[in-house]
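Structure at a glance
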Amino acid sequence: MKYLLSMTVLLAGLGGCATAPTSRTIAATDPLNAPELTRSFGIRDRYGIPRHVGGTAIYIDSVARHFDYAEASTIAWRDKHGRWEWSQVSERGPGGLLPAKQELNSNKVRSLTDLEAKSVEDLIRNPALYNGIVETDGSHGVGAPSHVMGIVTPFGRTVIRWNGRLLGPAGDLADILLGR
């Protein structure tokens, strides 16, 4: 019994020192309730920029923090005519090592190209996007962004969190929407 208690204490102590794994299971939560996406919508609300909530959409919140704090809200949605649109706003502000004024850094809107739209359509139909394992390449340097992607489609709903480079179908989707 004493040995079992010692091992339990040792393993509990080691658990506190563990680093984050390089792969994550997709969370089965409502994407629009993810706290990171709610915070991301706050950027859009502050500057009167539409959220594009409703219908088929993909929401990505990206945060980088080091000397300053930068956050981007990226949304791709299928409009009422079936065309894929894209919007990204970014904000810099306090929260890093240096004091900074909170301000809108960029606001971009465009239609996805036909090739991008076809790729997005193919990816959102892939069941692995909703029930697979999310893998990254493990790279995440100081000040590199962390991301949360909420996907709302007729084929599924999910929230994916990652650092570094996302791989697989989710990575392909993120690459299109984040411009990699």
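Computed from a predicted structure; not experimentally measured.

Turning next to the confidence of the model for the protein. The predicted model of the protein averages 81 in pLDDT, with 81% of residues at 70 or higher. When pLDDT is averaged over each helix and strand of the protein, the minimum, 35, is found for helix α1 (residues 2–17) and the maximum, 98, for helix α3 (residues 114–124). Here residues 1–28 is modelled with pLDDT under 50, and outside its nearest four sequence neighbours on either side it reaches 23 contacts, counting other chains as well.

One can describe the packing of α3 onto helix α5 (residues 168–178) by two numbers: an axis separation of 10 Å at closest approach and a directional angle of 150°. On the basis of the axis angle, α3 is roughly antiparallel to α5. Crossing of α3 against α5: the hand is left-handed. Between α3, through E116, S119, V120 and L123, and α5, the contact on the second element is made entirely by P169, D172, L173, I176 and L177. Across the contact of α3 with α5, the residue classes break down as six nonpolar, one polar and two charged.

Counting buried positions over the 11 residues of α5 gives eight, a clear majority of the element. Among the residues making up α5, those that are buried are A170, G171, L173, A174, D175, I176, L177 and L178. Following α5 by one or two positions, G179 has its phi on the positive side, about 75°.

Here the focus is helix α2 (residues 35–47). For α2, which comprises 13 residues, the first-to-last C-alpha distance of 19 Å matches the rise-based estimate of 18 Å (1.5 Å per residue) to within 8%. Those residues of α2 that fall on the buried side of the exposure criterion are E36, L37, S40, F41, G42, I43 and R44. Along its buried surface, α2 packs onto β2 (57–65), β3 (69–78), β4 (84–93), β7 (146–153) and β8 (156–163). Backbone geometry just after α2 places G48 at a positive phi near 70°.

Further remarks concern the packing of aromatic side chains. Two measures describe an aromatic ring pair: the distance that separates the ring centres and the angle between the ring planes. Evaluated as defined, the whole model comprises one aromatic pair. Where F41 meets Y59, the ring centres are 5.5 Å apart and the plane angle is 90°; that geometry is what we call edge-to-face. Placement of the pair is F41 in helix α2 and Y59 in strand β2, with a sequence separation of 18 residues. A relative accessible area of 5% means that F41 is categorised as buried. Seen from the ring of W86, R110 lies directly overhead, with NZ or CZ sitting 5.2 Å from the centre.

Take the pattern of salt bridges next. Tallying each qualifying case throughout the model produces 11 salt bridges. Here D61 ties to R39 by a salt bridge, and the two come within 2.7 Å at their closest N and O atoms. Taken together, the residues D61 in strand β2 and R39 in helix α2 connect sequence positions 22 residues apart. When its relative accessible area of 2% is taken as the criterion, D61 is described as buried. For R39, a relative accessible area of 36% puts it in the partly exposed group. The residue D45 makes a salt bridge to R51 at a minimum N-O spacing of 2.5 Å. The exposure class of R51 is partly exposed, given its relative accessible area of 34%.

Looking at where D79 falls in the secondary structure, it is placed in the loop between β3 and β4. Judged by relative accessible area, which is 22%, D79 ranks as partly exposed. In sequence terms D79 and A57 are 22 residues apart; their C-alpha atoms lie 9.2 Å from each other.

Judged by pairing direction, the sheet is antiparallel, and its six strands sit side by side in the order β5-β4-β3-β2-β7-β8 without closing on themselves. The open sheet has two edge strands with one neighbour each: β5 (103–111) and β8. Averaged over neighbouring strand pairs, the angle between their axes works out to 10° when direction is ignored. As paired elements, β2 and β7 share seven bridges and run antiparallel to each other. Bridging across to β7, I60 finds its partner in M149. Docked against the sheet, α2 engages β2, β3, β4, β5, β7 and β8, running at close to 90° with respect to β3. Sitting on the sheet, α3 is in contact with β2, β3, β4, β5 and β7, with an inclination near 90° to β4.

Calculation rules
- Residues numbered from 1 in each chain as written.
- Predicted model: local features only at pLDDT ≥ 70, side-chain atom pairs only at ≥ 80, totals over all residues.
- Heavy atoms only, no water.
- pLDDT = per-residue confidence, 0-100.
- Helix = DSSP H or I, 4+ residues; strand = E, 2+ residues; numbered from the N terminus.
- Contact = heavy atoms within 4.5 Å.
- Axes fitted to C-alpha atoms, helices over the stretch in contact; angles between N-to-C directions.
- Parallel < 35°, antiparallel > 145°, perpendicular 65-115°, else oblique.
- Left-handed = near helix turned anticlockwise from the far one by under 90°.
- Nonpolar A, V, L, I, M, F, W, Y, C, P; charged D, E, K, R; others polar.
- Buried < 20%, exposed > 50% of the residue type's maximum accessible area, 1.4 Å probe, protein only.
- Expected span 1.5 Å × (residues − 1).
- Phe/Tyr/Trp six-rings, centres within 6.5 Å; stacked < 30°, edge-to-face > 60°.
- Lys NZ or Arg CZ within 6 Å of the ring centre and 35° of its normal.
- Salt bridge = Lys/Arg side-chain N within 4 Å of Asp/Glu carboxyl O.
- Pairing = 2+ DSSP bridges.

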